[in-house]
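# Coordinates in review
Listed below, chain by chain, are the residues.
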Amino acid sequence: MSATASTGEGRYAEVNGINLYYETHGSGHPMILLHGGLGSGEMFGAILPALADHHQVIAVDLQGHGRTADIDRPLEVPLMADDIGALIEHLGLDRPDVVGFSLGGGVALLTGIRHPDKVGRVVSASANIRRSAIYPEMLGQQGQVNAAAAEFMKDTPMYELYQRVAPRPEDFPRLLDKIGAAMVKDFDYTDEVRGMQVPTLIVAADADMAPPSHFVEVFNLLDGGLRDGGWMGEGRPKGGHALAILPGLTHYNLVDSPLFAATALAFLDQQD
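Bear in mind the structure is a predicted one, so any value in this text is a computation, not a measurement. (Residues numbered from 1 in each chain as written. Predicted model: local features only at pLDDT ≥ 70, side-chain atom pairs only at ≥ 80, totals over all residues. Heavy atoms only, no water.)

Considered for burial, the residues of helix 6 (residues 157-165) that qualify are Tyr159, Leu161, Tyr162 and Val165. Projected down its long axis, helix 6 carries its buried residues within an arc of 165 degrees, all on one side. For helix 6, the secondary structure elements touched by its buried residues are helix 7 (172-184). (Buried < 20%, exposed > 50% of the residue type's maximum accessible area, 1.4 Å probe, protein only. Helix = DSSP H or I, 4+ residues; strand = E, 2+ residues; numbered from the N terminus. Arc of directions from axis to C-beta. Contact = heavy atoms within 4.5 Å.)

Spelled out as structure tokens, the structure:
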């Protein structure tokens, strides 16, 4: 592991009306790395050395998360995807890959959909494409996320990280309000996914927040799982898409798994 992979270099980019924080690790073909809700780029600490071994990893803190201060707009996946599109342009990157988990997985997917000319490949992990796919008991819990929950979260790793790195630590209740509002809003990206032009790997844990069948359904929309793959791979999805359901994992530990890192890299490095 190189020194840059372990220390990283943090900077801000003023793009799309937001001052986005990002850290750069390693060298090689660029990979933009997007964290889950209430997290930051730091949540990839366990697998970052593996990712940065052959790639220049650009770990971004999304709107209102980590070291990126919030701005006066809703916390919405399409808007954050446009932030990433603007960041790619700002940094002058040549079709970087975009890898995301949970909230970041949705942002990665939408970045590929909305900015296909700027993106090489996409890895979207643990990101459902419609709200109704999530287990009903989880939808109930999501509905209870708001500023009033801030006091109860003070012993959690998410709060510890936020108060340590956020430009305005006192904004944590506001972040909970915004993320709660985002999670109760209905969405369905079925039509958008069906037209995906960027080679995409759909990843999920076998015990994720939505059932494995949902991620198979997403793969079906990408022309996958509809026929035999053929001796020469001629029956594989036309767009170069792929699916991975990772064994023995959940929504809460997939991001730490060497299996996730190895699976993502195997897919991304097909382009070399």
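Anyway, onward from the coordinates.
With 13 residues, helix 7 ought to run about 18 Å at 1.5 Å a step, and its terminal C-alpha atoms sit 19 Å apart, in line with that. Buried residues of helix 7: Phe172, Leu175, Leu176, Lys178, Ile179 and Gly180, and no others. Elements that come into contact with the buried residues of helix 7 comprise helix 6. (Expected span 1.5 Å × (residues − 1).)

This part is about the nonpolar core. Ile32, Leu34, Val60, Ile84, Val107, Leu109 and Val193 are the most contacted members of the largest nonpolar core, which has 51 residues in total. For Leu109, the residues in contact, after removing those within four places along its chain, are Val122, Ser124, Ile129, Val193, Met196, Thr200 and Ile202. Core analysis: the second largest hydrophobic core is formed by 28 residues, Ala52, Val99, Ala205 and Ala244 among them. (Core = buried A, V, L, I, M, F, W, Y, C linked by side-chain atoms within 4.5 Å.)

The next thing to look at is the UniProt feature "domain: AB hydrolase-1" (unreviewed entry) in the protein. In this structure's numbering, the residues bearing the UniProt feature "domain: AB hydrolase-1" (unreviewed entry) are residues 30-144. A helix fraction of 34% and a strand fraction of 18% characterise residues 30-144, whose end C-alpha atoms lie 38 Å from each other. (UniProt positions renumbered as here; feature names shortened; annotations may be inferred.)

On to the environment of Gly239, then. Following the sequence through the fold, Gly239 ends up in the loop between helix 9 (212-221) and strand 8 (242-250). Taking the C-alpha atoms as reference points, Gly239 and Leu87, separated by 152 residues in sequence, lie 25 Å from one another.

Further remarks concern the packing of aromatic side chains. Applying the stated criterion across every chain, the model contains 4 aromatic pairs. Ring centres of Tyr162 and Phe172 lie 5.2 Å apart, and the angle between their planes is 55 degrees; on these two criteria the pair is classed as tilted. One end of the pair, Tyr162, is in helix 6; the other, Phe172, is in helix 7, and 10 residues separate them in sequence. Owing to a relative accessible area of 8%, Tyr162 belongs among the buried residues under this scheme. Relative to Tyr189, the ring of Phe187 has its centre 5.4 Å away and its plane inclined at 35 degrees; by these criteria the two rings are tilted. Here Tyr189 falls in the buried class, since its relative accessible area comes to 15%. One aromatic cluster in this structure is built from Tyr159, Tyr162 and Phe172. Taking NZ or CZ as reference, Arg121 lies 4.7 Å from the ring centre of Phe267, over its face. (Phe/Tyr/Trp six-rings, centres within 6.5 Å; stacked < 30°, edge-to-face > 60°. Lys NZ or Arg CZ within 6 Å of the ring centre and 35° of its normal.)

Within the structure shown, the criterion is met by 16 salt bridges. Across the salt bridge formed by Arg67 and Glu42, the nearest N and O atoms sit 3.2 Å from each other. Separated by 25 residues along the polypeptide, Arg67 in the loop between strand 4 (55-61) and helix 3 (77-91) and Glu42 in the loop between strand 3 (29-34) and helix 2 (48-52) bring together distant segments of the chain. Arg67 sits in the partly exposed class, given a relative accessible area of 22%. On the basis of relative accessible area, Glu42 is assigned to the partly exposed category, the value being 35%. The closest approach of N and O atoms between Lys118 and Glu89, which form a salt bridge, is 3.0 Å. (Salt bridge = Lys/Arg side-chain N within 4 Å of Asp/Glu carboxyl O.)

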